[in-house]
Amino acid sequence: MLTAIFIALAIIILVALFFIVRSLINTYFEFRGKRVVICPETKAPAGVEVDARHAAFSSLTGEPELRLQECSRWPERAHCGQQCLKQIEAAPAACLIRTILTNWYEGKACVLCGKSFGQIHWFDHKPALMSREWKIIEWQQISAEKLYEVLATHLPLCWNCSIAEGFRRAHPELVTDRLWQEQELQSYQHSGAHPPHRR
C-alpha cells in the first residue's frame, strides 16, 4: 500500500516538474535575444537585451518580471527607468532583431542574382546586405540601434552571392568576369543606381 502511494506521489512530482521546467524554458526563449526598441527619452532606436533567465525564474510566482540585461545607451543611462520594457511586454517577438530582419527580407529579391528570398536560415545561410558603394555588410557588423538606418540605405544580398562576391573580391586572380558584365556593373556603381542582376 505504501509503495503504491510513493509511486503515485513520485508520478505527481515528476509531472509537476515537467510543467515547471517547460514553463521556464518557454519563458526563457520568449524573452532571449537582441531587440530594437524606441527609447522613451530620446525617441530614437536603442538596442536592448532582456535578462531572460530572470524573466523565466520570476514567472514561477506569476507574470514574468522583465528587466534589461544590456542596452546600447549604457553605461551613460544605466539607471534609467527602463520604460522601454513596456514595448517588449506588449509584443515580445515583434521587436526581436530576427523578426525585424525576416519581415524586411520578405518579398524582396537578391540585388545580384535576382532570386527571391524564401525561408531565412539564420544559423547557417544568413543573408547579407550591400551598400550603395557595393560594400558587403554582414549582420554582426551592425549595431542594433543602427538597424533601421541600415535597412533604409542598403540592398538585400543572398547568402550564395555574399559568399561568391566576397571570394571574387578577395581573390580576383582566381575569377574570370565577363568583360561586358564587369563594364555594366561599373557603370551602375558610378551612377549610384541599383546594380543589375548577375547572370
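As the structure is a prediction and not an experimental result, all values here were calculated from the model.

Chemist: Can you help me understand the overall build of the protein in this one?
Modeler: In terms of helices and strands, the protein carries seven helices and six strands. Reading the secondary structure of the protein in the N-to-C direction produces α-β-β-α-β-α-α-β-β-α-β-α-α. Each of the 199 residues in the protein was classed as buried or not, and the buried ones make up 34%. Taking as baseline every contact in the protein between residues at least 6 positions apart, the subset at least 24 positions apart corresponds to 57%. Accessible surface for the protein amounts to roughly 12,900 Å². Of this, 59% is attributable to carbon and sulfur atoms.

Chemist: Mind showing me how you'd approach the side chain of Q82 here?
Modeler: Summarising the element assignment, Q82 is placed in the loop between β3 (68-71) and α3 (85-90). Among the polar contacts made by the side chain of Q82, one reaches the main-chain amide nitrogen of L68 at a distance of 3.0 Å. The contact partners of Q82, leaving out residues within four places of it in the chain, are R67, L68 and W74.

Chemist: It is not clear to me how the side chain of D51 should be interpreted in this structure. Could you clarify?
Modeler: Residue position: D51 is located in the loop between β2 (45-50) and α2 (52-58). Residue classification places D51 among the buried positions, given a relative accessible area of 14%. There is a polar contact of 3.2 Å between the side chain of D51 and the backbone nitrogen of H54. With near-sequence residues (within four places) excluded, D51 lies in contact with R67, L68 and Q69.

Chemist: Got a minute to help me understand the nonpolar core in this structure?
Modeler: Nonpolar side chains in soluble globular proteins tend to end up buried together. Counting 28 residues, the largest nonpolar core has Y105, L129, W139, L147 and L157 as the members making the most contacts within it. Looking at this core, the elements with two or more residues in it are α4 (97-105), β4 (128-130), β5 (136-137), α5 (147-153) and β6 (155-157). It is α4 that provides the largest number of residues to this core, a total of five residues. When residues no more than four places from it in sequence are discounted, the contact partners of L147 are V36, I97, I100, L101, W139 and I142.

Parameters and conventions
- Residues numbered from 1 in each chain as written.
- Predicted model: local features only at pLDDT ≥ 70, side-chain atom pairs only at ≥ 80, totals over all residues.
- Heavy atoms only, no water.
- Helix = DSSP H or I, 4+ residues; strand = E, 2+ residues; numbered from the N terminus.
- Buried < 20%, exposed > 50% of the residue type's maximum accessible area, 1.4 Å probe, protein only.
- Contact = heavy atoms within 4.5 Å.
- Areas by Shrake-Rupley, 256 points an atom, 1.4 Å probe, with all protein chains shown as cover.
- Polar contact = N/O pair within 3.5 Å; in protein donor to acceptor, adjacent residues only side chain to side chain.
- Core = buried A, V, L, I, M, F, W, Y, C linked by side-chain atoms within 4.5 Å.

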